[in-house]
Structures are given as structure tokens and as C-alpha cells.
Protein chains: 2
Amino acid sequence: MAASRPATSPSAPSPGTATILDVAALAGVSRTTVSRVLNHPDLVPADTIARVEGAIDELGFRPSSRARGLRTGRFDTIALLVGDASQPFQSAVAKAVARAAEARGLNVLLCDLDHSEERLITFLRQLPRQGVDGIVISTGDDVSRSRAGAVIAETRAGGTPIVISGRLPEDDLFGVGVDFTSIADAATTRLIENGSRRPILLIGDADTYVGARWAAGYRAAVERAGLDAVVLQTQYSDATSTQLVLRELSASTPADGIIAGTVPLALSAVRAAHHCRRLVPDDLAIIACEQVGLAELVTPAVSTIGVTAEASGEALVEHLSQLIAGRNPPHATLPYVLSERQTTRHPAEGETR
Amino acid sequence: MAASRPATSPSAPSPGTATILDVAALAGVSRTTVSRVLNHPDLVPADTIARVEGAIDELGFRPSSRARGLRTGRFDTIALLVGDASQPFQSAVAKAVARAAEARGLNVLLCDLDHSEERLITFLRQLPRQGVDGIVISTGDDVSRSRAGAVIAETRAGGTPIVISGRLPEDDLFGVGVDFTSIADAATTRLIENGSRRPILLIGDADTYVGARWAAGYRAAVERAGLDAVVLQTQYSDATSTQLVLRELSASTPADGIIAGTVPLALSAVRAAHHCRRLVPDDLAIIACEQVGLAELVTPAVSTIGVTAEASGEALVEHLSQLIAGRNPPHATLPYVLSERQTTRHPAEGETR
DNA sequence: CTGAAAGCGCTTACAG
DNA sequence: CTGAAAGCGCTTACAG
């Protein structure tokens, strides 16, 4: 019980190393009072607050969120499980989540799923014990499938809230909504309005969940116009997607429009068009169902439609922090925006020509 | 002292919720023994280990890394401070760091600096108290500048190791090395070998540290060839870089080669060439001093030279975990690789034509 | 209004 | 070989 706290002046802890006991000693109060000015300042008179805060500043004291968490069960940390952090949209979401979390005093643990359900399950099982208050899942992969869906439910039941990007209210897994169906419908409709008679959907095989919705929206729009539906399912970043598009371009009724799930897929369509000397957008119009900055860096700049990563990240974190706080936030479906650039006709105002 | 631990069979804690006491009760040993099989199994006889491990499996017990950290001072967590998580190379590094950390049982806290020195300093001050064992800084920005450099030194002195990407042994801030000077030199030399008589360097103004080295390498190569040096410093993702290149293309001695710091900058050069109907690579060869997958998705595919994000992430984490373990790892300079694609002549083998 | 005490889930000397 | 006790840095009933 003796000699534990430093005397009035000596043994100043190195900056950022001070503990609540150091502050208490310097302010001449108990650790209880220090804790109270931190957590319930309303219970402490102004002059005491001032003294304690003086000591806090002087020592550069920052309470250890880990020690607090051990006591309160809240660690001010969320985990972000991302399908593939190196994909343009996903990395923009990661950035947005980091910013939104920071604004709420939350740390973000980054976990890359690499499109593996096994990894998803492992993370879900580990994270709650790692001091994580909640989990954001952002991926185009199907997380409702067999085991993963069960583990998500189990984790939620265990008290760790989970928010999943792109889930609509009718979905069991329910999260922050993106209406992929409407987005693909709008994209397809836009191409048809611009004169496309043979618009084709190009999606990645990793996108089982999102892909099914894109296909639904695409089919609806195509049917409405009395046209045929052709869906090309391929792998990302692979020469095969270029090959597939190439084949459609040299068919007897060649494709004259591509609705691509992602910007990388759209780029493979650009490559294919270039390969067989078709002009974009004149011979082949292209639009991607994903909003990423990269789209305007390339030549030709790719037209896009979708929710922004910023809106998505912000909504995911907001929704999650409500859940963590024990509230039941309303389900919101995010608005999508259309950015017409050089791969579709009628370039919109404000875009670089 | 009574009724604290569950009886032999009832009150099974929900999965992932078991504590070391639950395991001890089920295995019929003390928490000390459980902790020992976790941390010093060599001190425990095989049959006891088996019994305890049985209980661990049955309860799905995972020790809380936060509670352990409170005791040991190690939280098995590192922070990744990244200049801009939405930039292609940085996001690939983030992914690589996440994977490399995971392989070592470390969690990764993602912090986006958004190119702000202020934010860097704030993170550096907060993180050690947030239960972070070490910090990786990955940015092209200059972190040695005035205050930031001092805060890095201070944080290190406080006992939190920091590894900085792209620092060479001669650098005060010392980290994992990337020889930007040699990379730019090699890139420039390659263009000159391919016939460029007026190669120009295009770098971003955010890259003060890296930019200076790129410029040095570029100047060396250009001088060696008896050519003039022209350095274009611009902003990222901005129409201004396109404008700057455009101007050089319509000068009396037009540029016939661009050494771009990053792939996004290279894309702005492509845009400029397209704008004034110059052929790439015939009229204008382009190479980027950065290895990112995106480079092969675009048309024309961009030639690149640099270290891969994977090697970088792995080396950063390896170096950091050595430091955390109290060892003094040797400084390694990462090898760089050249990928010639469509924006330079003589496309290399194995690339999509 | 304020402090002593208990406890969050662990680990590690210290005794048996 | 094993366990009781102390303690990591906090917060929060519980008494004054």
C-alpha cells in the first residue's frame, strides 16, 4: 500500500504513459474522482473538474481504452471485414469507414476476407473476444450461404452487432441497404435510351449475392424494352472477361452495350472493344454499377452508377454505432447517383470532356 | 467467494463467451493451470494439458487478448497509418499488411492520414494508449518534416516501435527500404534506351519525400544521357496534371516520354496524349514508378516499375514484429521489378498484348 | 461531493 | 507439478 504513487513532483511519467493514479496524485484527489470527471462530469463540481483537467493536460494523460473496456465491456473498436481491400470500391469504403469511425471515437480493425467464407467464419468467431464492439461486413460475396449465415446469426446472438453492406429490409441478414436491382435496371435503361439494342450484363462470379440482383434489374429493364437478355459471368481481373466480351462483339448480333458490375469489369470491356477496333461509346457503350474515383482517371472515362463509398461507409458506421448503443436504427436504403462520362453518349455537364 | 463459478454441468456460457474460469472449472484445475497450458505448456504434464485443452475446445474458449494485454503490456495489435487508403498502391499495401499481420497473430488498426501531418501527430499520440504494440507508417508524404519527425522519435522513445515504408539506412527515420532514386533512374533509363529524347518526370506535390528521390534518380539518368531534365510537379487526380502534360506535348520540343510517380499520374498522361491525338507509346512512352494491379487493367496497359505492395507489406510487418519482440532486425532494401506493358515499346513476355 | 473496495479476464512471481 | 494472491488500468456500485 505504500510507495505506489509518485510524490508531488518527481518521477514524472514519460508522455503518454501516465496512468489515472498519476493524475489523481497530481490533482490531489482519488482515482474515483478522476474517473468521474472523465465519465460523469455532471457529478463533479466545476473547481474539482478544473484541477483534474489541469493534471490531465500536464501529464498528457489519455485513459487506456483497453483497460476501460475490460471493465465496461466496450472497447471503442469495430472490425471491418472487407471482401478484398485492394479492390477500388472496397478500399474507398475502408477509407470512409475509418473516417466515420474516427469521428465517433472508434478504432477500426481491418480484416481482409480475400473472398473466403472460411476466413469470414474464422474472423467472426475470433473478433468478439478480441475486444471488438461490432462488425461491419462489406463484400459483394454471398454471406448468407450455408455456414456463414449461421455464424453471423450466432455472433449477433452472442451480443456483437453486425452490419452488412448492401442488404435490403426484406433480407434476413438486414443491414445498410443498396438497391442493386434498381441500380442495374437504371443502368440498363440508360443504355437503351441512348440507343443500345443489344445490351449485355457482365458480372463477376465472386458476386453471388450482388450479381443475382444486378441480373434481376438488368433482366427487368431488357424485358421491358422487348430485348433479349445476355448475362456474362466471369472472374475479376482476368483475361477471360475480355475474351467473353470479345466473343459477344464478334457474334452475328454483336453487343452494343455493356452493363458491368464493377469498374474493373468495365475496363475489361474497354480492352475488348479496343482489341477489335470498336469505338466506345459509338459501337459499344459501357457503364459500371459502382461509383469509384478511378472511373474518371482512365481514358475513356467510365460512366458509373451506384452509391458512393463515402455514403456507404458513413451509413454502415452510423448504423453500427446505433446498434452498439443498444438502439434499433431504422433501415435506410442509400441513394445512388449516375455519373455519365465518356463510355456512354450524352456526356453529362461538369465532367471533363 | 461463493457461487461465482458455474457448477459442473449447468450454465454453459454461450459460445465464445467462456472465460478462463469456466475452463478451469470444467477441467477441474485452477485458472493458473489453464493459463499455463496456454502460455507455458512445457511446465504442464501431458495429461493435464489434454484435459484442459478438452475443456477449451468444448467451451470454444479464446483468451481475451485485451485482458492479457492489460497484464503483459502486449496487445497483439499494430496500427497501420496510411497516407490515403483509397489510392491503389496504398490499399494494396493495407491488404498485404493485414495478411502479414494475421499470419503472425496480430490485429491491424487502420488509420487514414488523408495526407495530413496534423492527423499523423494525433494518431501517434493516441495509439500507444489504445493498446497498440507497434506502428507501420506507409505514405509518400514527408514524415520527417518539423513536428512529425519529432513526434515519431518521441513515440519510439516511449516504447512503441515504428516502421516507416520507403526509408533507407542513411535516413534518420529508418524503416523498410525502397530505393526510389534507383527506381526512377531505371525507369528513365529504360525510356531513353527505347528512344526517348525528351523524357519528363511527372510527380505529385503530396510526395515530398518520395518525390525528391524520384527527381534525383530521374536527373541522374537524364544527365548521364546528356539530355535536359524537366520536372512537372502537380496534384493527384486532378485535371491540372493532364493540362501540364498537354502543355509539354505541344511545346516546340515536345515530350516523348513520361516517367510518372504513380499510376494515377500515368493515367493523366494517357489522357493528355489522347486529347492531342498522340499515340502511346509511339509518340509518347509512359512508365509509372509504382507496382499496382490496376496498371494492367487499363487500356493501354501501363508499364510499371517498383516494389510490389505484397513485398512491402510483408517486410513492414516482419520488421515491426521483430522490433516488438525486442530484436534489432537488419535493414533490408526491397527489390523492385519492371513490368513492361503497352505504354512502352518492346512489350515484355507474358503480358497481355 | 468524495473515496475505499471490488472486479473486468487475464499472467506471473511466490509458496507449497 | 499446482494453486492462492497480487496486479495490469480502469469504472461503478456502495458508503460515508
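Residues numbered from 1 in each chain as written. Chains lettered and ligands numbered in written order. Predicted model: local features only at pLDDT ≥ 70, side-chain atom pairs only at ≥ 80, totals over all residues. Heavy atoms only, no water.

**Quick word on helix α7 (residues 146–157) of chain A**
All names here are of chain A. Stated formally: Elements are defined by DSSP. Helices are runs of H or I of four residues or more, strands are runs of E of two residues or more, and each kind is numbered from the N terminus. To estimate how far a helix should extend, the number of its residues minus one is multiplied by 1.5 Å. Contact definition: two residues touch when any of their heavy atoms are within 4.5 Å.
With 12 residues, α7 ought to run about 16 Å at 1.5 Å a step, and its terminal C-alpha atoms sit 17 Å apart, in line with that. Buried-residue contacts for α7 involve α6 (117–126), β3 (134–138) and β4 (162–164). Once α7 ends, the next one or two residues include Gly 159, with phi positive near 105°.

**Things to note about the protein's contact with DNA strand C**
Selection criterion: By convention in this text, a residue qualifies as near a molecule or strand provided that one of its non-hydrogen atoms is within 4 Å of it. Pairs of N or O atoms within 3.5 Å make up the polar contacts considered here, provided that, within protein, one atom can donate a hydrogen while the other can accept it, and that residues adjacent in sequence are counted only when both atoms are side-chain atoms.
Of all residues adjacent to DNA strand C, which total 26 residues, the nearest are A:Thr33, A:Arg71, A:Arg129, B:Ser35 and B:Arg71. Across the atoms of DNA strand C situated within 4 Å of the protein, the share located in sugar and phosphate is 53%. In this structure, a base oxygen belonging to DNA strand C sits 3.2 Å away from a main-chain N or O atom of A:Arg71. At the level of elements, α2 (31–39) and α4 (65–72) of chain A together with α2 (31–39) and α4 (65–72) of chain B are the ones that each hand at least two residues to the surface near DNA strand C.

**Digging into the sheet that holds strand β10 (residues 337–339) of chain B**
All names here are of chain B. Quick note on the threshold: Each pair of strands is called paired provided DSSP finds at least two bridges between the two strands. The convention used is that axes are lines fitted to C-alpha atoms, helices contributing only their stretch in contact, and that angles between N-to-C directions extend from 0 to 180 degrees.
In spatial order, the strands read β6-β5-β7-β8-β9-β10; together these six strands make up an open sheet with mixed pairing. The two strands at the open ends of the sheet, each matched to only one other strand, are β6 (231–234) and β10. Sheet twist, expressed as the average angle between the axes of neighbouring strands with direction ignored, equals 20°. Where strand β9 (residues 303–306) lies against β10, three bridges are found, and the strand directions are antiparallel. Pairing of Gly 306 across the sheet is with Val 337, part of β10. Against the sheet, helix α8 (residues 180–193) touches β5 (199–204), β7 (257–260), β8 (285–288), β9 and β10, its axis set at about 165° to β7.

**Considerations on the packing of helix α1 (residues 20–27) of chain B against α2(B)**
Residue and element names in this part refer to chain B. Put simply, the test is: Throughout, the term roughly parallel applies to angles under 35 degrees, roughly antiparallel to angles over 145, roughly perpendicular to angles from 65 to 115, and oblique to all others. Following the grouping adopted for this structure description, the nonpolar residues are Ala, Val, Leu, Ile, Met, Phe, Trp, Tyr, Cys and Pro, the charged ones are Asp, Glu, Lys and Arg, and the polar ones are all others, Gly among them.
Two elements in contact, α1 and α2, have axes whose closest approach is 8 Å; the angle formed by their N-to-C orientations is 105°. Taken together, the axis directions place α1 and α2 in an arrangement best described as roughly perpendicular. Contact with α1, carried on its side by Ile 20, Leu 21, Val 23 and Ala 24, involves Arg 31, Val 34 and Ser 35 of α2 and no other residues of that element. Of the residues in the contact of α1 with α2, the class split is five nonpolar, one polar and one charged.

**Section: the interface of chain A and chain B**
Selection rule: Salt-bridge detection follows one rule: a side-chain nitrogen of Lys or Arg within 4 Å of a carboxyl oxygen of Asp or Glu.
Between chain A and chain B, the contact holds 47 residues from the first and 47 residues from the second. Where chain A meets chain B, there are 10 salt bridges. Notably, a salt bridge pairs A:Glu102 with B:Arg119, separated by 2.7 Å at the nearest N-O pair. The interface formed by chain A and chain B contains 26 residue pairs in polar contact (both at pLDDT 80 or more). Secondary structure elements with two or more residues in the side of chain A that touches chain B: α4, α5 (88–103), β2 (107–112), α6 and α11 (263–275) of chain A. The element that contributes the greatest number of residues to the side of chain A that touches chain B is α5(A), accounting for seven residues.

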